[in-house]
Amino acid sequence: DYRAALFDLDGVIVDTAVHHFAAWRQTAAELGFSLADEDEELLKGVGRMDALRIVLGIGGVEVSEDEQQRLAAEKNARYVEAISTITPDEMLPGAREYLVSLRDRGVLTALGSASRNAPMILQRLEITDLFDAIIDGSVVSEAKPNPRVFLAGAEALGAAPADCVVFEDAIAGIQAAHAGGMIAVGIGEPEVLTEADVVIPGLHAAGSLSAQGIEFVGSR
Ligand code: BG6
Ligand code: MG
């Protein structure tokens, strides 16, 4: 049985991935190329500067370090503007309910997100209190698939990696979980998240996990 649940934010708890991608599409457009729908998967879970480098690589564009900083700041300004009006209603189905049910059972919870905007989003969604630990892109700079963000979460909870289940929508995030010695529940489609131990369409379907051998036990 597992004692702790570690959650990615974007694409697991709230549907912000669409806003991240729209903001990057605008960056590409300014540089004179366009991103294909399939490119979105490559940008999920990776940190801001790494995502920029992926975008530039797709366009075959090279820019100076200063210009990279400017492009990333502009993208972030667009993203922050897009999410500035999100409300608790925009959480993904079942996310709040699942977090509350885990906590009611004494299961430890942590956020493990690459986003530096994570604390602000949690506040707007009014779910900051549902996490025992919050590890975001300002706390840990190593980007997924590096396991640091999840290892820091486990450490903050006082849990061993083998006690933790990671919930992730990104390929890089599932790889990060495994690199940290943790089991990974993919949120999305099995065809995309082929490396995940189990895939469910969303946290609304998390009730099916115990039938698949993933059971939590309280330890608070
Ligand atoms: C992740 C997203 O959660 O955060 C990525 O999946 C994003 O798409 C990353 O690049 C960094 O986010 P931010 O808000 O710090 O630019
Ligand atoms: Mg994500």
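Looking at an unreviewed UniProt entry, one finds the protein chain named Beta-phosphoglucomutase, with Demequina zhanjiangensis as its source organism. The heading Sequence similarities (unreviewed entry) in the UniProt record of the protein chain holds the text "Belongs to the HAD-like hydrolase superfamily. CbbY/CbbZ/Gph/YieH family."

Its 19 residues give helix α4 (residues 65-83) an end-to-end C-alpha distance of 27 Å, which sits within 8% of 27 Å, the value for a rise of 1.5 Å per residue. Every buried residue belonging to α4 is among L71, K75 and Y79, and all of these are buried. Axial view of α4: buried residues confined to an arc of 70 degrees, hence all on one face. For α4, the exposed residues lying more than 90 degrees away from the buried face are D66, R70, A73, A77 and E81. Those residues of α4 that are buried lie in contact with α1 (17-31) and α3 (48-59).

Let's shift gears to helix α5 (residues 95-104). Listing the buried residues of α5 in full gives A95, Y98, L99 and L102. When α5 is viewed along its axis, its buried side chains cluster within an angular range of 100 degrees and face the same direction. Turning to α5, the residues buried within the fold contact β1 (4-7) and β2 (108-112). Backbone geometry just after α5 places G106 at a positive phi near 85 degrees.

Before going further, it helps to spend a moment on the sheet that holds strand β6 (residues 198-200). What the six strands build is an open sheet, ordered β3-β2-β1-β4-β5-β6; its pairing is parallel. In this open sheet, the two edge strands, each paired with only one partner strand, are β3 (133-135) and β6. Strand-to-strand, the axes of this sheet are offset by a mean angle of 20 degrees, without reference to chain direction. Of the strand pairs in this sheet, strand β5 (residues 183-187) and β6 are connected by three bridges, and their pairing is parallel. The partner of G186 across the bridge, within β6, is V199.

A few words now on the site of ligand 1. The environment of ligand 1 is formed by 18 residues, the closest being D10, R48, S115, R116 and N117. For the shell around ligand 1, the per-class residue count stands at six nonpolar, eight polar and four charged.

Cut-offs used in this document
Residues numbered from 1 in each chain as written. Chains lettered and ligands numbered in written order. Predicted model: local features only at pLDDT ≥ 70, side-chain atom pairs only at ≥ 80, totals over all residues. UniProt positions renumbered as here; feature names shortened; annotations may be inferred. Helix = DSSP H or I, 4+ residues; strand = E, 2+ residues; numbered from the N terminus. Expected span 1.5 Å × (residues − 1). Buried ≥ 20, exposed ≤ 12 C-beta atoms within 10 Å, placed from the backbone. Arc of directions from axis to C-beta. Contact = placed C-beta atoms within 7 Å. Pairing = 2+ DSSP bridges. Axes fitted to C-alpha atoms, helices over the stretch in contact; angles between N-to-C directions. Near = placed C-beta within 6 Å. Nonpolar A, V, L, I, M, F, W, Y, C, P; charged D, E, K, R; others polar.

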